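Structural overview
Read off the chains here:
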Amino acid sequence: MDEAWQNWMRRALALAQRAWGDTHPNPLVGALIVENDRVVAEGWHERAGGPHAEINALRALGRPPRKGASLVVTLEPCSTQGRTGACTEAILKAGGIARVIAGATDLSRAHAGNGFDVLRTGGIDVVTGVLAGECADLNLIFNHWAAHSRTFVALKTASTLDGRIATRAGQSRWITGPEARADVMRWRRYFPAIASSAVSVMADDARLTSRCADGAAEWCPAARFVFDRSLRLAEAIAKGRKLRVFEDAFAGRTTVVSSNAMEHSAQAAVLRRHGAALLFLPTENDSVFFETFKRHCADTGLTGVWVEGGAKFLGAWLRARTADYLFHYTAPVVMGDAQALPAFEGKECPSLADATVLHEVRRTSLGNDTLTRGRF
Ligand SMILES: NC(=O)c1ccc[n+]([C@@H]2O[C@H](COP(=O)([O-])OP(=O)(O)OC[C@H]3O[C@@H](n4cnc5c(N)ncnc54)[C@H](OP(=O)(O)O)[C@@H]3O)[C@@H](O)[C@H]2O)c1
Ligand SMILES: [Zn+2]
């Protein structure tokens, strides 16, 4: 594969990431226009409803591309009229572009290779699959949504090498170092929703927002969910406990997720009186519970949820087999205490064949820590 193509694609990937977390339900996309082996214009997709990356690159050029120009783009150009016109149409109309160098295929049924066909039929040379793995990895949420019309749920945990997230007394701050914690903030920023459990939110007074060291303002996702089947939060709040998810500037985005059995309870009344939004889901079993939650997210346009929690909560997700992805940070630390809290609790694993295996695994070094992530 041409090395120059890869270098241009790397640049396009960097451009795409400028809109990190801002494009839902659309993908992150970056594009370049190259003339005589020189990059002459750049563009990226900034937000849903705004122009696509290819259009922004063409606009940035400000004139028709020279004959023989190449367009480099991280994702297959769209070939259908959405909120904006089809990019394939704009590329053909611009004239001059002789070659399109693309990264990943758009998995939506309406596209899925169709964009490439339209361009080829229009006489453009199309090269596909340049840094395809990197380009696809950029859009974990969008790809899942495009292929399955389902919300992408990612679990996050941070543990010692022996898989412990807190001491037996509950001390958990901090197992991982500053680089890993900054990386968590970056990934939180990627998701349109963040969820955690009542126990974890109370233990850490978690904000479920993203705070970056670069001085950027605290960022809150469109939705925050606190899972609390038995509404134990009510007692704490009635006693005057102030939790940041209900008190901060984004309190209106917090919803407590509970079970149907609690809908008419005294605890629900307490939470309602304190202004909390409540969502009741059936609980015959965890699979139904979590599946219904995912459907609720899809129905309300939330394409991805970042889920943090302790042993019981993440263990329940794992057992229910309804999560799609795992982010597991590990620190080179060993507790060596079988009573310390594990990352996942409660799953009987009679044989290795019953263990959960991750696919498409990626590993990143973060200071002394490691992020291992992959698909369930
Ligand atoms: N290192 C890390 O990455 C990390 C992250 C978060 C928390 N932590 C630590 O983990 C500890 C808390 O862990 P934990 O195991 O005690 O609590 P947990 O697993 O975080 O949470 C249990 C809570 O989840 C609720 N929940 C809702 N739906 C559930 C379901 N389907 N299945 C199970 N639980 C459900 C439970 O409600 P019901 O009881 O009413 O069912 C309960 O409030 C804290 O020390 C915290 O600091 C570590
Ligand atoms: Zn487009």
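Residues numbered from 1 in each chain as written. Chains lettered and ligands numbered in written order. Predicted model: local features only at pLDDT ≥ 70, side-chain atom pairs only at ≥ 80, totals over all residues. Heavy atoms only, no water.

1. Comments concerning the overall build of the protein chain
Scanning the protein chain from N- to C-terminus turns up 13 helices and 16 strands. Computed over C-alpha atoms, the radius of gyration of the protein chain comes to 23 Å, within 12% of the 21 Å expected from 2.2 N^0.38 for 376 residues, which places it in the range of a compact globule. Seen through its C-alpha atoms, the protein chain measures out along the principal axes to roughly 70 × 45 × 45 Å. In the protein chain, which comprises 376 residues, the share counted as buried stands at 52%. (Helix = DSSP H or I, 4+ residues; strand = E, 2+ residues; numbered from the N terminus. Rg over C-alpha atoms; globule rule 2.2 N^0.38 Å. Buried < 20%, exposed > 50% of the residue type's maximum accessible area, 1.4 Å probe, protein only.)

2. Concerning the sheet that holds strand β1 (residues 30–35)
Overall, mixed pairing links the five strands, which are arranged β2-β1-β3-β4-β5 in an open sheet. Of all the strands in the sheet, just β2 (38–44) and β5 (125–127) have a single pairing partner and so form its edges. The average undirected angle you get between the axes of adjacent strands in this sheet is 20°. Where β1 meets β2, six bridges bridge the pair, whose relative direction is antiparallel. Residue alanine 31 lies in a different strand from β2, and its bridge partner there is glycine 43. (Pairing = 2+ DSSP bridges. Axes fitted to C-alpha atoms, helices over the stretch in contact; angles between N-to-C directions.)

3. Concerning the coordination of the zinc ion (ligand 2)
Bound to the zinc ion (ligand 2) on the protein side are His52 (ND1), Cys78 (SG) and Cys87 (SG), at distances that span 1.9 to 2.3 Å. Binding-site remark: the zinc ion (ligand 2) is held by donors from one chain whose sequence spacing is H-x25-C-x8-C. Taken together, the positions of histidine 52 in the loop between β2 and α2 (53–61) and cysteine 78 in the loop between β3 (69–75) and α3 (87–94) put the pair 26 residues apart, joining distant regions of the chain. (Donors = N, O, S within 2.8 Å, 3.2 Å for Na, K, Ca; no water.)

4. Examining the domain arrangement of the protein chain
Its domain assignment divides the protein chain into domain 1 (3–143) and domain 2 (150–375). With centres defined by C-alpha atoms, the gap from domain 1 to domain 2 works out at 35 Å. Facing the 14 residues of domain 1 at the interface are 14 residues of domain 2. Here domain 1 meets domain 2 over a buried area of about 1,300 Å², counting both sides, of which 54% is carbon and sulfur. Area buried by domain 1 at its contact with domain 2 is led by Trp20, Leu140 and Ile141, which between them contribute 57% of it. Our count for the domain 1 to domain 2 interface comes out at four salt bridges. (Domains from an automatic or database assignment. Contact = heavy atoms within 4.5 Å. Buried area = accessible area lost by both parts, 1.4 Å probe. Salt bridge = Lys/Arg side-chain N within 4 Å of Asp/Glu carboxyl O.)

5. Comments concerning the site of ligand 1
Ser197, Ser200, Ser230, Arg232 and Phe313 are the nearest of the 26 residues found near ligand 1. Here an oxygen atom of ligand 1 and a side-chain polar atom of arginine 229 are 2.7 Å apart. Contacts to ligand 1 include aspartate 286, whose side-chain N or O atom sits 2.9 Å from a nitrogen atom. For ligand 1, the accessible surface in isolation is 920 Å², of which the surrounding protein chains cover 89%. Mapped onto the shell around ligand 1, the elements with two or more residues apiece are β6 (152–160), α8 (198–204), α12 (286–299) and α13 (311–320). Broken down by element, the shell around ligand 1 gets its largest block of residues, five residues, from α8. When the residues that make up the shell around ligand 1 are grouped by side-chain class, the tally is twelve nonpolar, eight polar and six charged. (Near = heavy atom within 4 Å. Polar contact = N/O pair within 3.5 Å; in protein donor to acceptor, adjacent residues only side chain to side chain. Areas by Shrake-Rupley, 256 points an atom, 1.4 Å probe, with all protein chains shown as cover. Nonpolar A, V, L, I, M, F, W, Y, C, P; charged D, E, K, R; others polar.)

6. Some points on the nonpolar core
Nonpolar side chains in soluble globular proteins tend to end up buried together. Counting residues in each nonpolar core, the largest one holds 80 residues, and the members touching the most others are Trp187, Phe191, Leu233, Phe327 and Tyr329. For this core, the leading source of residues is helix α1 (residues 3–16), giving seven residues. Among the nonpolar cores identified, the runner-up in size contains 24 residues, and Phe225, Leu279, Val307 and Phe313 belong to it. (Core = buried A, V, L, I, M, F, W, Y, C linked by side-chain atoms within 4.5 Å.)

7. With respect to unusual backbone geometry
For the bond from histidine 24 to proline 25, the omega torsion is 5°, close enough to zero to count as cis. Looking at the element boundaries, proline 25 is found in the loop between α1 and β1. Tryptophan 174 follows arginine 173 through a cis peptide bond whose omega is -15°. Of note, tryptophan 174 is situated in the loop between β7 (164–166) and α7 (178–190). The backbone of aspartate 37 shows a phi angle near 65°, a positive value even though the residue is not glycine.

8. Here we look at the environment of serine 200
Structurally, serine 200 is set in helix α8. With relative accessibility at 15%, the residue serine 200 sits in the buried group. Through-space distance from the C-alpha of serine 200 to that of alanine 311 is 9.7 Å; in sequence the pair is 111 residues apart. For serine 200, the contacting residues outside a window of four places in its chain are Asp205, Gly309 and Gly310. Here glycine 310 takes part through its backbone nitrogen, which lies 3.3 Å from a polar atom of the side chain of serine 200.

9. Things to note about the pairing of β6
Of all nine residues in β6, nine are buried; the element is thus mostly enclosed. Summarising the sheet, β6 and strand β12 (residues 304–308) pair through five bridges and their orientation is parallel. Counterpart to leucine 155 in the pairing with β12 is valine 307. Direction of pairing for β6 relative to strand β13 (residues 325–331): parallel, over a ladder of seven bridges. By the bridge assignment, serine 159 is partnered in β13 with threonine 330.

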